[in-house]
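Spelled out from the first residue to the last, the chains are:
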Amino acid sequence: IKNLQILIFYSLLVMHHIVSDGWSLEVLANDFLEAYSSNEITLSRKKLNIHYKDYAVWQQLRLKKETFQQSGKYWQSIFSENIPILNMPTYQPRSKNRKGKTISFQFSENTYSELSKLCKQHKSTLFMGLISLVDILLHKYSHQDDIIIGTPIANRKQQELKNQIGFYANTIAIRSKIDSSGSFADLLESNRQKLLD
């Protein structure tokens, strides 16, 4: 019933992505459901130790620090070579409006179980395995060996941010070099190391 309530809540809420990320919606939905299921008119909410504005100030200070500059050097080393444009075979010329379509796919329980097992054997997460599968799929269609995938990350390392509403997400780019003669395990290990870095 809770999942159904959250689904109904999501379908009634319109919020610009600039003020929240996917994690925030669940926090908001849980707060809403708690308030709705309570017989009290006002809820006594625990005060927050940190607010989004504090996080924004921290990020601005971090931009000026040397640790962030070192992080910038890491990304510059990853993207020092020419950045490839993915050339997928399409039925019409590439549009400049950047509108795309979504293709949904669902694994069978057996495939999911086997992939999970394979990832655990290689000390990788399921996410690392899925990124590797997407790399291979894009390689097969584009015949390119240099693939870049952008993915959002939650960026909520501090415990104080777990129950916050705000846009804490960042996007990271994962650049993979596909070796056609290599195995899936080789690519998985390479992606594992990049994601940990």
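Residue positions are given per chain, counting from 1 as you read along its sequence in written order. Reporting in this predicted model follows two pLDDT cut-offs: at least 70 for local features of residues, and 80 or more for side-chain atom pairs to be given and counted; totals over whole chains, interfaces and linings ignore these cut-offs and use all residues. Hydrogens and water molecules were not included; the side-chain quantities draw on all heavy atoms of the structure.

Looking now at the overall build of the chain. Helix and strand definitions here come from DSSP, where helices need a minimum of 4 consecutive H or I residues and strands a minimum of 2 consecutive E residues; each element is numbered from the N-terminal end. Across its full length, the chain holds 7 helices and 2 strands. In the chain, the order of α-helices and β-strands from amino to carboxyl end is α-α-α-α-α-α-β-β-α. Exposure is judged per residue with a 1.4 Å probe applied to protein chains only, and the accessible area is read against the type maximum: over 50% gives exposed, under 20% gives buried, and values in between give partly exposed. Relative to its full complement of 197 residues, the chain shows a buried share of 21%. Values of accessible area rely on a 1.4 Å probe in the Shrake-Rupley scheme; residue burial ignores everything except the protein chains shown. Accessible area for the chain stands at about 15,400 Å²; split by element, carbon and sulfur atoms hold 57% of it.

This brings us to helix α6 (residues 126-142). For α6, which comprises 17 residues, the first-to-last C-alpha distance of 24 Å matches the rise-based estimate of 24 Å (1.5 Å per residue) to within 8%. For α6, the full list of buried residues reads Met128, Gly129, Ile131, Ser132, Asp135, Leu138, His139 and Ser142. Contact between two residues is taken to exist if any of their heavy atoms lie within 4.5 Å; hydrogens are not considered. Turning to α6, the residues buried within the fold contact α5 (109-121), β1 (146-153), β2 (170-177) and α7 (184-196). Here a helix's expected span is defined as the number of its residues, less one, multiplied by 1.5 Å.

Our next topic: the pattern of salt bridges. In the sections that follow, a salt bridge refers to a side-chain nitrogen of Lys or Arg positioned within 4 Å of a carboxyl oxygen of Asp or Glu. Under the definition given, this model contains 6 salt bridges. For Asp146, the salt bridge identified is with Arg175, shortest N-O distance 2.6 Å. Taken together, the residues span a long stretch of sequence, with Asp146 in strand β1 and Arg175 in strand β2 at a distance of 29 residues. For the pair shown, Asp146 and Arg175 are each scored as buried. Overlapping salt bridges bring together Glu81, Asp146, Arg175 and Lys177 as one network.

Moving on, we come to the nonpolar core. Ranked by size, the top nonpolar core spans 7 residues in total: Ile131, Leu138, Ile147, Ile149, Ile174, Ile178 and Leu187. Those elements that provide at least two residues to this core are α6 and β1. Apart from the residues within four sequence positions on either side, Leu138 is in contact with Leu86, Met88, His143, Ile147 and Ile149. By nonpolar core is meant a set of buried Ala, Val, Leu, Ile, Met, Phe, Trp, Tyr and Cys residues that side-chain atoms within 4.5 Å join together.

Here the focus is the packing of aromatic side chains. Any pair of Phe, Tyr and Trp rings, taking the six-membered ring for Trp, is counted once the centres come within 6.5 Å. Such a pair is stacked with planes under 30 degrees apart, edge-to-face with planes over 60 apart, and tilted for the rest. Applying the stated criterion to the full structure yields 7 aromatic pairs. Where Tyr52 meets Tyr55, the ring centres are 5.9 Å apart and the plane angle is 40 degrees; that geometry is what we call tilted. Of this pair, Tyr52 and Tyr55 are both found in helix α3 (residues 52-64), 3 residues apart, which corresponds to roughly one turn of the helix. Judged by relative accessible area, Tyr52 falls into the partly exposed class, the value being 32%. Taking 5.3 Å as the distance between ring centres and 90 degrees as the angle between the ring planes, the aromatic pair formed by Phe105 and Phe107 counts as edge-to-face. You can call Phe105 exposed: its relative accessible area is 67%.

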